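Residues per chain are reported as follows:
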Amino acid sequence: MSTSQRPSRGTLPAHGPVRRFLPAALVVIMLVAAWQIYVVVSGIRPQVLPSPARVVEQGWMHRDDIAVNAWATVQVTLVGFAVSLVVAWALAILVDFSPRLRRAFVPLFVVSQTLPIIAIAPLMIIWFGFGLLPKVLVIALATFFPMTIGLIEGFAAADRDAGALLRSMGATRWQQFRYVRLPSALPRFFTALRIGVTYAVVGAVFAEYVGASSGLGIYMSVQKNSFRTDLVLAAVLVTAVVSVALYLCTFAIERVVAPWAMRPSRDRHHD
């Protein structure tokens, strides 16, 4: 193949994403088909297990209510995740500039993840009511850890030779951080970001499930109490779509903020 026919380095062929997601799509299609066949053959009641066709049909019929509650969940998710991002960056930078803080804080970060959200969320409602604050706190608690640890490890993995070169040129600690440690941390940060953003949606739905006036969580709770399993599953489907959409948004952000992080590692090494 001539050089002109080869794809440029760091890019993927046009069919790359299709090949990447095709196996997962086929598995999902087979599972949904098996689900539909089982419901039809077994004659199980819709209150127990509705068919996928019924879930989609009823979800579409109640799309206005679901859309209103989904938007409420998206708003809470974005606010809570924004708070989590600020906390993660602030703590990671503090820890990077002070080894003593690293020894003091990192064990506490780990301990924070041993606290069961299922027990913390009701307490947040009791302490702070049914407003925005308890849901934001639940989301922040569920999501700040992977991003904070990803940043801390990314800062620590910076090229020491590059840092030594900057120091020999009289660079300040902040300049070393800006030009060496920060770019080094971004690939790991975006990996952690993708983990955190999926946790954020789950955390928001769970916080709403415990107590809220609107949102997919409270919508599921109401429909469950009404034995509308089809609408519960429709809301679950919308939750999954929101999670995937936010997950994919992280790739678009990464392409703008840190395009070098999306290139294959072998290409970065060759550079």
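Cut-offs and rules
- Residues numbered from 1 in each chain as written.
- Predicted model: local features only at pLDDT ≥ 70, side-chain atom pairs only at ≥ 80, totals over all residues.
- Heavy atoms only, no water.
- Phe/Tyr/Trp six-rings, centres within 6.5 Å; stacked < 30°, edge-to-face > 60°.
- Helix = DSSP H or I, 4+ residues; strand = E, 2+ residues; numbered from the N terminus.
- Lys NZ or Arg CZ within 6 Å of the ring centre and 35° of its normal.
- UniProt positions renumbered as here; feature names shortened; annotations may be inferred.
- Patch = residues over 30% accessible without salt bridge, like charges linked within 9 Å, V, L, I, M, F, W, Y side chains within 5 Å.
- Areas by Shrake-Rupley, 256 points an atom, 1.4 Å probe, with all protein chains shown as cover.
- Salt bridge = Lys/Arg side-chain N within 4 Å of Asp/Glu carboxyl O.
- Buried < 20%, exposed > 50% of the residue type's maximum accessible area, 1.4 Å probe, protein only.

Topic: the packing of aromatic side chains
- Applying the stated rule across the entire model yields three aromatic pairs.
- On the basis of an interplanar angle of 70° and a centroid distance of 5.4 Å, the ring pair of tyrosine 247 and phenylalanine 251 is categorised as edge-to-face. Of the two residues, tyrosine 247 and phenylalanine 251 are both situated in helix α10 (residues 229-257); the distance of four residues between them amounts to about one turn of the helix.
- Put simply, the rings of Trp89, Phe189 and Phe190 touch in pairs and so form one group of aromatic residues.
- For the cation-ring pair, arginine 63 lies above tryptophan 60, with the distance from its terminal atom to the ring centre recorded as 4.2 Å.
- In this arrangement the basic side chain of arginine 194 is found over the ring face of phenylalanine 251, its NZ or CZ atom lying 4.1 Å from the centre.

Quick look at the UniProt feature "transmembrane region" (unreviewed entry) in the protein chain
- Within the UniProt annotation, "transmembrane region" (unreviewed entry) is assigned to residues 21-41, 70-94, 106-130, 136-158, 191-211 and 231-253.
- End C-alpha to end C-alpha, residues 191-211 measures 31 Å, and it is 95% helix and 0% strand.
- Across residues 231-253, helical content stands at 100% and strand content at 0%; the span's end C-alpha atoms are separated by 33 Å.

Details of a nonpolar patch on the surface
- A cluster of nonpolar residues, Leu22, Leu26, Val27, Ile29, Met30 and Leu31, forms a patch on the protein surface that exposes about 600 Å² of accessible area.
- You can see leucine 31 is positioned in helix α1 (residues 16-42).
- Looking at leucine 31, the relative accessible area reads 58%, which means it is exposed.

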